[in-house]
Amino acid sequence: MVVVSASKSPVVAAESLTKKYKDFAAVDGISFEIAQGESFGFLGPNGAGKSTTMRMVGAVSTRTSGSLSVVGLDPNNYGPEIRSQLGVVPQADNLDTELKVRDNLIVYGRYFGLSRSYLGPKADELLEFAQLKEKAKERIDDLSGGMKRRLTIARALINDPRILLLDEPTTGLDPQARHILWDRLFRLKEQGTTLILTTHYMDEAEQLCDRLVVIDKGKIMAEGSPAALIRKYSTREVLELRFGSEHNAAAAKKVEGLGERIEVLPDRVLIYSDNGEATLQKVTETGLNPITSLVRRSSLEDVFLRLTGRSLIE
Amino acid sequence: MSELAASTTETPDLESAKAKALAAGVKPRKYGGWYVAEHRLLSMRTYLQTMVATGVGTPLLYLYAMGVGLATLVDADQGQGLDKVSYLVFVAPALICSAALTTATEEFSYPIMLGFKWNPTFFGMNSAPLEGGQIINGVTYSVLFRLVAQSIVYYLFMLLFGAIPSPLGWLSIFAAVATGTALGTMLMAYASRLEEDKGQFNYIMRFGVIPLTLFSGTFFPLTALPVWLHWIGWISPLWHGTELSRVFAYGYSEPIWLTVTHVVYLVALTAIGWWLARRIAVRRLNK
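Notes on the structure in this doc start here. Counting starts from 1 at the beginning of each chain's written sequence and moves along it residue by residue. Chain labels run from A onward and ligand labels from 1 onward, assigned in the order the entries are written. Thresholds applied to this predicted model are a pLDDT of at least 70 for local features of residues and 80 or more for the giving and counting of side-chain atom pairs; totals over whole chains, interfaces and linings are not thresholded and use all residues. Side-chain calculation: all heavy atoms of the structure are included, whereas hydrogens and water are not.

### A word on unusual backbone geometry
All names here are of chain A. Positive phi, normally seen in glycine, also occurs at Val71, with a value near 40°. Tracing the backbone through its elements, the reader meets Val71 in the loop between strand S5 (65-70) and helix H2 (79-83). Phi angles above zero are rare outside glycine, and Lys217 is one such case at about 50°. Residue placement: Lys217 occurs in the loop between strand S9 (211-216) and strand S10 (219-224). We call a residue buried when its accessible area falls under 20% of the maximum for its residue type, exposed when it is over 50%, and partly exposed in between, using a 1.4 Å probe and counting protein chains only. Residue class for Lys217 comes out exposed when judged on its relative accessible area of 60%. Only runs of H or I of at least four residues qualify as helices and only runs of E of at least two qualify as strands under DSSP, and these elements are numbered from the N terminus.

Below is the structure:
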């Protein structure tokens with residue numbers, strides 16, 4: 001079992017955390033700790049148990065067994081108290097479309113018992129942060145997907161949360177919108193906000209996470225910083241070869257032994273090697289002539305493939 | 001466990017975080033329902049014009065059409081109207097209840113489905129410090145507010161039309177609100193459970209609320225119906241509300257135990273529906 005410990009005092013500590021739906025264990029006895037100010041990620045494919053874990057940490061889903069402590073309190077008994085310290089960005093936006101942009105922030109702030117006199121300037125400050133100042137009086141339906149995400153993040157910050165929970169924060173966004181969002185999240189990280197996020201995008205995990213766990217079928221498969229995980233579970237470089245979908249398997253047999261490891265995917269063959277160019281040279285020497293070849297650095301996708309035998313995005 | 005237990009020993013940092021959380025939870029625990037009501041009332045602003053038009057237009061149209069138009073025929077035919085009062089005086093206390101019932105049906109159905117399903121704002125509220133029960137409370141408070149306001153306006157129109165001979169007539173406002181909540185909170189419990197909208201609310205309106213309005217002694221006494229149809233009135237919140245409203249509005253004569261039964265029935269249905277909705281909401285939010 002992988003036990004994940006934070007080096008500093010943990011704001012979140014889970015031990016054998018389990019969530020079952022009848023006989024199905026969505027989260028299957030995972031243990032981890034997250035330190036104050038850390039940026040921590042759950043990386044895994046859809047259905048891995050990431051969102052369920054987030055809901056338990058967010059004190060909105062009761063665990064089946066195990067122990068869980070958030071800001072030193074048990075979510076079973078102190079849900080509202082814990083949630084008063086959290087900012088939550090859910091997978092699907094749930095902004096109130098009947099209210100204007102700025103009113104969404106103010107109304108949400110009221111849930112925390114904050115006064116209107118405090119919330120007015122706070123909402124303006126957050127709209128500025130989210131680059132939505134000029135949209136303050138617009139209707140929610142008039143915002144783009146990226147703007148709605150930024151507004152949801154702004155809303156999650158209305159109570160100056162100690163911990164920000166982000167569930168697949170950039171899913172469905174175009175690249176530009178994703179980069180703007182990452183920039184905003186990076187600023188929060190610099191300001192010392194604890195970020196806990198789930199993602200199935202390896203680049204997102206690499207960009208934002210100090211430390212992450214790879215999670216699959218409700219279990220933690222590995223833990224570490226993105227760089228450490230890549231070092232541990234992959235080679236420095238990867239050579240990607242395409243021979244045509246019907247020839248990949250046969251070609252893979254011929255190049256066996258050329259790298260440290262070979263993965264055959266439906267559309268390509270991956271050869272793990274510390275020197276991709278040299279390996280490509282060796283492939284050519286065997287007489288094989290790939291349709292395309294690409295040498296790239298190893299990523300978390302490769303780590304996941306190694307650990308589970310499956311791709312992250314299936 | 002020992003490895004983890006050793007590392008989770010609380011530090012001063014964590015102690016202060018815990019103290020801050022405990023302090024920050026006090027207000028939401030106490031006033032959460034009111035924050036939701038505040039939100040709902042703000043949302044209602046988007047259809048404020050419809051609300052005002054309905055609130056003013058309904059009593060005006062119904063009291064005129066029924067209490068003045070139809071009343072001319074009924075009063076002429078019956079001599080003394082119905083139940084020894086003019087038809088306007090007879091029908092007005094029922095109309096105020098029927099209007100409250102219609103509003104409650106709207107406010108306790110679609111907004112609940114909206115919050116749980118179509119645009120799951122209730123899940124957003126629950127991610128903040130609010131609990132499922134508080135969300136249901138808040139929705140109920142806001143609908144109560146609308147029902148009271150609407151029924152006061154209706155009552156003023158009744159006064160204007162000369163439909164309230166009794167000094168206790170203002171209590172028909174209570175009868176109307178209780179009629180609305182008795183059916184409304186039950187509907188709220190049902191809507192809280194609903195996973196998919198297959199036009200159920202339309203069915204409820206067409207085959208539930210409208211027949212109730214027709215067969216609950218609204219436009220004519222229940223006793224005018226064949227005996228085998230009386231049961232509709234007995235189970236109908238609208239009949240109990242209407243009878244109660246008539247007792248207050250013009251001193252309709254019935255045994256005191258029956259008047260008490262009306263009150264108990266309406267309050268009991270409201271309480272059961274409210275309680276059920278809270279229970280269902282808590283379970284639904286805790287995925």
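### Regarding the sheet that holds strand S8 (residues 194-199) of chain A
Residue and element names in this part refer to chain A. As summarised here, the arrangement of the 6 strands in space is S6-S7-S8-S4-S9-S10, forming an open sheet in which the pairing is mixed. At either end of the open sheet lies a strand with only one pairing partner, and these are strand S6 (86-89) and S10. Neighbouring strand axes in the sheet, compared pairwise and without regard to direction, differ in orientation by 15° on average. In this scheme, strands are said to pair when DSSP sees at least two bridges between them. Bridge analysis of strand S4 (residues 39-43) against S8 gives 5 bridges, and the strand direction is parallel. Looking at S8, one finds that Phe42 is bridged to Thr198. Its contacts with the sheet put helix H8 (residues 226-233) on S9 and S10, and the angle it makes with S10 is roughly 105°. Geometry is summarised by axes, namely lines fitted to C-alpha atoms with helices restricted to the contacting stretch, and by angles between N-to-C directions that run from 0 to 180 degrees. Any two residues having at least one pair of non-hydrogen atoms within 4.5 Å are treated as being in contact.

### Some words on the nonpolar core
Within the largest apolar cluster, 117 residues are counted, with the highest numbers of intra-cluster contacts made by Tyr111, Leu151 and Leu164 of chain A. With 13 residues, the single largest contributor to this core is helix H5 (residues 87-107) of chain B. Ignoring any residue separated from it by four or fewer positions in sequence, one finds Tyr111 of chain A in contact with Pro28, Tyr35, His39, Met125, Ala128, Pro129 and Leu130 of chain B. Take the buried residues of types Ala, Val, Leu, Ile, Met, Phe, Trp, Tyr and Cys, join any two whose side-chain atoms come within 4.5 Å, and each joined set is a nonpolar core. Val11, Ala14, Ile30 and Val213 of chain A belong to the second-largest nonpolar core, a separate cluster that totals 30 residues.

### Describing the sheet that holds strand S13 (residues 269-273) of chain A
All names here are of chain A. As summarised here, the arrangement of the 4 strands in space is S12-S13-S11-S14, forming an open sheet in which the pairing is antiparallel. Looking at strand neighbours, the two that pair on one side only are strand S12 (261-264) and strand S14 (292-297), the edges of this open sheet. The mean angle between the axes of side-by-side strands here comes to 20°, regardless of whether they run parallel or antiparallel. Both S12 and S13 contribute to a ladder of 4 bridges, which runs antiparallel. Residue pairing across strands places Arg261 opposite Tyr272, the latter belonging to S13.

### Quick word on the packing of helix H9 (residues 172-193) of chain B against helix H13 (residues 256-285) of chain B
Axis angle and axis distance: for two packed helices, these are the angle between their axes and the distance between the axes, and together they describe the pair. All names here are of chain B. Axis separation between H9 and H13 bottoms out at 8 Å; the angle between their running directions is 25°. Overall, the two elements H9 and H13 adopt an arrangement that is roughly parallel. Regarding H9 and H13, the two cross each other, and that crossing is left-handed. The classification used treats Ala, Val, Leu, Ile, Met, Phe, Trp, Tyr, Cys and Pro as nonpolar, Asp, Glu, Lys and Arg as charged, and all other residues, Gly among them, as polar. The class makeup of the residues in the contact of H9 with H13 is 16 nonpolar, 6 polar and 2 charged. Here roughly perpendicular refers to angles of 65 to 115 degrees, roughly parallel to angles under 35, roughly antiparallel to angles over 145, and oblique to all remaining angles. In this scheme, a crossing is called left-handed if the near helix is turned counterclockwise away from the far one by less than a right angle; it is called right-handed if the turn is clockwise.

### A word on the packing of helix H8 (residues 132-160) of chain B against H9 of chain B
Residue and element names in this part refer to chain B. Two numbers describe how H8 lies on H9: the axes approach to 9 Å, and their chain directions differ by 150°. You can see that H8 and H9 cross each other, and the crossing is right-handed. Only Ser172, Ile173, Ala176, Val177, Gly180, Thr181, Met188 and Ser192 of H9 make contact with H8, whose side of the interface consists of Ile136, Val139, Thr140, Leu144, Leu147, Val148, Ser151, Ile152, Tyr155 and Met158. Residues belonging to the contact of H8 with H9 are distributed by class as follows: 12 nonpolar, 6 polar and no charged.

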